[in-house]
Amino acid sequence: MIKKLFSALEGAGAEVYLPAKKQGKCTAPYVVVNLEKTEPSKTGRGIYSFFSVSIFAPTDNFAALDELHSRVCNSLKDSPFVFIGCDAEPTGGETDSYKRVLNFRTLKKLCC
């Protein structure tokens, strides 16, 4: 499922990475996709996977953060990935960037 997410974001024109693949100073906007957890639904009838899409933008281009946020959400609008929330997180001094984390959920398996 992470491949589908990765491909959908690339199709939206985003520069996409897996965790720990992008290092160094942020010079252009990019996203990092990560599988956070998999857990059963509250009813026990399905299993959900939860993904985070971390958006980074250079500190001198804050507007790129909002623009990339919109592109990510629009590219996943008609997909099995359901937007469930957004968090802002500080970044370390080494990346020199702004960061926003979008959280998505998808049905992995439907049980009896």
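Every value quoted in this text rests on a predicted model; they were computed, and no experiment measured them. (Residues numbered from 1 in each chain as written. Predicted model: local features only at pLDDT ≥ 70, side-chain atom pairs only at ≥ 80, totals over all residues. Heavy atoms only, no water.)

Undergrad: Talk me through the nonpolar core; I want residue IDs and the actual numbers.
TA: Within soluble globular proteins, side chains that are nonpolar tend to cluster in buried spots. Within the largest apolar cluster, 18 residues are counted, with the highest numbers of intra-cluster contacts made by Leu 5, Leu 9, Val 31, Val 53 and Val 72. Within the residue set of this core, elements represented by two or more residues are α1 (2-11), β2 (30-40), β3 (46-58), α2 (63-75) and β5 (97-110). Excluding its chain neighbours within four sequence positions, the residues that come into contact with Val 72 are Leu 9, Val 31, Val 53, Ile 55, Leu 102 and Phe 104. (Core = buried A, V, L, I, M, F, W, Y, C linked by side-chain atoms within 4.5 Å. Buried < 20%, exposed > 50% of the residue type's maximum accessible area, 1.4 Å probe, protein only. Helix = DSSP H or I, 4+ residues; strand = E, 2+ residues; numbered from the N terminus. Contact = heavy atoms within 4.5 Å.)

Undergrad: I'd like to hear about the sheet that holds β5, residue by residue, with values.
TA: Read across the open sheet, the 5 strands follow the order β1-β2-β3-β5-β4; overall the sheet is mixed. Two strands close off the open sheet at either side, each with one partner strand: β1 (16-17) and β4 (82-88). Across 10 bridges, the pairing between β2 and β3 is antiparallel. Its bridge partner lying in β3, Tyr 30 is registered against Phe 56. Strands in contact with α1 are β1, β2 and β3; relative to β2, the strand with the most contacts, it is inclined by about 150 degrees. The sheet strands contacting α2 are β2, β3, β4 and β5, and the helix crosses β3 at an angle near 150 degrees. (Pairing = 2+ DSSP bridges. Axes fitted to C-alpha atoms, helices over the stretch in contact; angles between N-to-C directions.)

Undergrad: Can you explain the pattern of salt bridges? Please cite residues and give values.
TA: In this structure the tally under the stated criterion is 4 salt bridges. For Glu 39, the salt bridge goes to Lys 37, with nearest N and O atoms at 3.6 Å. Looking at Glu 39, the relative accessible area reads 32%, which means it is partly exposed. (Salt bridge = Lys/Arg side-chain N within 4 Å of Asp/Glu carboxyl O.)

Undergrad: How would you explain α2 if you had to name every residue and give the values?
TA: With 13 residues, α2 should cover 18 Å at 1.5 Å per step; its first-to-last C-alpha distance of 19 Å lies within 8% of that length. For α2, the complete set of buried residues consists of Ala 64, Leu 65, Leu 68, His 69 and Val 72. Looking straight down α2, one finds its buried side chains confined to an arc of 135 degrees; they lie on one side. Of the residues in α2, the exposed ones pointing more than 90 degrees away from the buried face are Ala 63 and Asn 74. Of the surrounding elements, those touching the buried residues of α2 are α1, β2, β3, β4 and β5. (Expected span 1.5 Å × (residues − 1). Arc of directions from axis to C-beta.)

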